[in-house]
Amino acid sequence: YNQESFLPKLGDALVRIISGIPHGGVLVFLPSYAVLRKCERTWNPNSFRQNRRGWWSKNDETDDGNSVWDRLTAMKHKVIVEPTGSQDEFEEKKQEYMDSVKTNG
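Note that the structure is a prediction, hence the values are computed from the model and not measured.

Draft legend 1. Seen up close, the packing of helix 1 (residues 6-19) against helix 2 (residues 33-43). Close contact between helix 1 and helix 2 brings their axes to 10 Å; oriented N to C, the two are set at 80 degrees. The angle between helix 1 and helix 2 falls in the class roughly perpendicular. In this structure, helix 1 contributes Leu 7, Pro 8, Leu 10, Gly 11 and Leu 14 to the contact, and helix 2 contributes Lys 38, Cys 39, Thr 42 and Trp 43. When grouped by side-chain class, the residues that make up the contact of helix 1 with helix 2 number 6 nonpolar, 2 polar and 1 charged.

Okay, here's the thing in structure tokens:
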């Protein structure tokens with residue numbers, strides 16, 4: 001995961017694979033939360049930044065619509081990232097995922 005080109009290529013591969021799954025949601029499992037956060041930063045570079053407390057916050061920079069994140073969102077309507085906080089936060093995201101699959105097919 002340390003080579004600069006690895007995560008963008010992984011994201012592009014996921015986009016190609018997921019484009020072949022027209023209905024339903026997709027779960028992607030990564031080996032650690034650290035890798036998950038690296039992917040999130042790499043695939044959505046203009047929408048999120050990490051502040052000093054480790055929380056993700058919205059950034060005001062614009063995006064060209066061609067990031068891995070944008071392409072995934074265009075195909076599946078939503079990208080939901082597992083939180084690293086409490087069980088309640090996890091349950092909220094799980095419900096958000098299930099609702100999105102029901103709504104968007």
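Draft legend 2. Molecular detail of the pattern of salt bridges. Scanning the model with the defined rule gives 5 salt bridges in all. With a closest N to O distance of 2.6 Å, Arg 71 and Asp 12 form a salt bridge. Note that Arg 71 is positioned in helix 3 (residues 68-76) and Asp 12 in helix 1, a separation of 59 residues in sequence. A salt bridge links Lys 78 to Glu 96; the shortest N-O distance between them is 3.2 Å. Remark: Glu 96 occurs in helix 4 (residues 87-104) and Lys 78 occurs in the loop between helix 3 and helix 4; sequence separation between them is 18 residues. By relative accessible area, Glu 96 is classed as partly exposed at 27%. A single network of salt bridges, built from pairs that share partners, joins Lys 78, Lys 93 and Glu 96.

Draft legend 3. Structural context of unusual backbone geometry. Positive phi, normally seen in glycine, also occurs at His 77, with a value near 75 degrees. Relative to the elements of secondary structure, His 77 occurs in the loop between helix 3 and helix 4.

Draft legend 4. Expanded view of the nonpolar core. Core analysis: the biggest nonpolar cluster contains 12 residues, these being Leu 7, Leu 14, Val 15, Ile 18, Val 35, Leu 36, Cys 39, Trp 43, Val 68, Trp 69, Leu 72 and Val 81. Of all the secondary structure elements, the ones that give two or more residues to this core are helix 1, helix 2 and helix 3. Excluding residues within four positions of it along the chain, Leu 36 makes contact with Leu 30, Val 81 and Glu 82.

Draft legend 5. Representation of the packing of helix 1 against helix 3 in the model. Relative orientation of the contacting elements helix 1 and helix 3 amounts to 10 degrees, with a least axis distance of 10 Å. Our classification of the angle between helix 1 and helix 3 gives roughly parallel. Along the contact surface, helix 1 presents Gly 11, Asp 12, Val 15, Ile 18 and Ser 19, while helix 3 presents Val 68, Arg 71, Leu 72, Met 75 and Lys 76. Taken together, the residues that form the contact of helix 1 with helix 3 break down as 5 nonpolar, 2 polar and 3 charged.

What counts, and where the lines are drawn
- Residues numbered from 1 in each chain as written.
- Predicted model: local features only at pLDDT ≥ 70, side-chain atom pairs only at ≥ 80, totals over all residues.
- Heavy atoms only, no water.
- Axes fitted to C-alpha atoms, helices over the stretch in contact; angles between N-to-C directions.
- Helix = DSSP H or I, 4+ residues; strand = E, 2+ residues; numbered from the N terminus.
- Parallel < 35°, antiparallel > 145°, perpendicular 65-115°, else oblique.
- Contact = heavy atoms within 4.5 Å.
- Nonpolar A, V, L, I, M, F, W, Y, C, P; charged D, E, K, R; others polar.
- Salt bridge = Lys/Arg side-chain N within 4 Å of Asp/Glu carboxyl O.
- Buried < 20%, exposed > 50% of the residue type's maximum accessible area, 1.4 Å probe, protein only.
- Core = buried A, V, L, I, M, F, W, Y, C linked by side-chain atoms within 4.5 Å.

Geometry only, nothing functional implied.
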